[in-house]
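# Geometric and topological summary
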Amino acid sequence: MSSTESGYSRKNPFPAKLSVNRKLTGEGSNKDTRHFEICLEGSGLGYEVGDSLGVFPANNPALVELVLKELGFTGEEPVTTADGAPASMREALTKSFILTEPSKQLLQAVAERDSSGAFLANLFLPEEKTALENFLWGRDVLDVLQEFTAARFTPEEFVKVLRKLQPRLYSIASSQRAVGESVHLTIAVVRYTVEHSKREREGVCSSYLAERLNEGSVPVFVHTAKHFRVPENPDAPVIMVGPGTGIAPFRAFLQERQATGAKGPNWVFFGEQKSSTDYLYQDEFEAAASSGILTKLTTAFSRDQAEKIYVQHRMLEHGAELFDWLQKGGYFYVCGDAKNMAKDVDAALHTIAEQHGNMTPELAKEYVDGLKKEKRYRKDVY
Ligand SMILES: Cc1cc2nc3c(=O)[nH]c(=O)nc-3n(C[C@H](O)[C@H](O)[C@H](O)COP(=O)(O)OP(=O)(O)OC[C@H]3O[C@@H](n4cnc5c(N)ncnc54)[C@H](O)[C@@H]3O)c2cc1C
Ligand SMILES: NC(=O)c1ccc[n+]([C@@H]2O[C@H](COP(=O)([O-])OP(=O)(O)OC[C@H]3O[C@@H](n4cnc5c(N)ncnc54)[C@H](OP(=O)(O)O)[C@@H]3O)[C@@H](O)[C@H]2O)c1
């Protein structure tokens, strides 16, 4: 059943239970990347591999209490949520509003109320874009309240200058043909510190799933991604490049190709920092390689040696074979970091076409554009 037929959607999310929360990264890793399983029983929700799951998080109650204290509120004050519903201040700050990135309205309201913050009003001029980014970097709503203590608000005034808390999307890491009424996710928990404060910072949704959900339920919905499907032709070769959490949809692709008996060859490129601590789903991928469902498994551990080795370096090393797979009608997929990785992988694909297809840079561009047009080059990057 599709997510629309089930009646559950972004507007009407399903309250799901978390059944598994398991660390994938080992002792000594720089990361805390986890495998989650969310139970869809009773929802009728269906998904296809390539789709994402939307998750509505809640803010950390400890942060909510600090904000209430700074504002001099008890938390019991009646206010209106971002959806226009009545709620207590505590409930609204927990579930309805963003407490991480300060909004334009908050900064403007602070500028009006605290003379030492008057400069904030100018940060929204087009020529101050960089100054605004510098000011916002690493500052949350509590930082602003603690810096500009003369700014006082009534409860309703305060919530009016906050923005609505948004759901986060996560690439689905399972095929329903393999796992039934469940959905698997692979999530890197965001935690960091900032120079100006001792208070530890965390990503709202990744830390909520990792640490605060416990026995409760989490509102979820399926976000369809029609552009990121396995090939319709079961015999087509599939090349999947998924460093870090970018591996998630390819775990799902492999489950799907196995469950449907697709005969085409599968090649996974996976990259992370260290093989000893960051080899996500190592057992599963190695077992898939041994059983033959995964035809080729190529890894790039960037910090196992002095020089950085990334997935695109491995692609270039295997350029002749990769080009051959493409020439045989192969599909090329990439998932993960949009800012650097996806661009570098794209450049490597052009280089491979030049080197192994004897193309000029212009012809290589045409070739890669052709793959895109034929929907044989697909990206899910964030
Ligand atoms: C289609 C799609 C699929 C995705 N799939 C996955 C997936 O499979 N797995 C996954 O883990 N994520 C995935 N993401 C990313 C995910 O949606 C969230 O963006 C991510 O989990 C962070 O959300 P959060 O609420 O935990 O953090 P947020 O509360 O949103 O905080 C993140 C913000 O913290 C700030 N920040 C982070 N580090 C620092 C730092 N060192 N210094 C200062 N500020 C910093 C940045 O402003 C950053 O934008 C996907 C995104 C999309 C769009
Ligand atoms: N919006 C958010 O807050 C948020 C939250 C979680 C994840 N993300 C993003 O999601 C993506 C996945 O994160 P992740 O922690 O799982 O993994 P990641 O940061 O993408 O790292 C995975 C591997 O990719 C390597 N890498 C770094 N730069 C690369 C490049 N230009 N080309 C190819 N490989 C490169 C890393 O090496 P080195 O580390 O050794 O350089 C590491 O070995 C990233 O974009 C991350 O920023 C964003």
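Structure's up top.
Residues numbered from 1 in each chain as written. Chains lettered and ligands numbered in written order. Predicted model: local features only at pLDDT ≥ 70, side-chain atom pairs only at ≥ 80, totals over all residues.

In this section: the sheet that holds strand β12 (residues 266-272). Here five strands make up an open sheet; going across it, the order is β13-β12-β11-β14-β15 and the pairing parallel. Each edge of the open sheet carries a strand with a single partner, namely β13 (296-301) and β15 (377-381). Looking at each pair of strands side by side, their axes are set apart by 10° on average, direction ignored. As paired strands, β12 and β13 are joined by six bridges and run parallel to one another. Pairing of G271 across the sheet is with A300, part of β13. Lying over the sheet, helix α15 (residues 341-356) contacts β11 (238-241), β14 (331-336) and β15, oriented at roughly 155° with respect to β14. (Pairing = 2+ DSSP bridges. Helix = DSSP H or I, 4+ residues; strand = E, 2+ residues; numbered from the N terminus. Axes fitted to C-alpha atoms, helices over the stretch in contact; angles between N-to-C directions. Contact = placed C-beta atoms within 7 Å.)

With that settled, consider the site of ligand 1. Lining the immediate surroundings of ligand 1 are 21 residues, of which Y192, G203, C205, S206 and Y382 lie closest. Where the shell around ligand 1 is concerned, the elements lending two or more residues are β6 (168-171), β7 (182-188) and α9 (204-212). The element contributing the most residues to the shell around ligand 1 is β6, with four residues. Residue-level mapping places the shell around ligand 1 at the junction of two domains, with at least three residues from each of domain 1 (3-54 + 167-223) and domain 3 (238-381). (Near = placed C-beta within 6 Å. Domains from an automatic or database assignment.)

A few words now on unusual backbone geometry. One non-glycine residue, N358, lies in positive phi territory at about 50°. Structurally, N358 is set in the loop between α15 and α16 (361-373). For N358, a count of 9 C-beta atoms within 10 Å puts it in the exposed group. The phi torsion at K375 lies on the positive side, around 60°, for a residue other than glycine. (Buried ≥ 20, exposed ≤ 12 C-beta atoms within 10 Å, placed from the backbone.)

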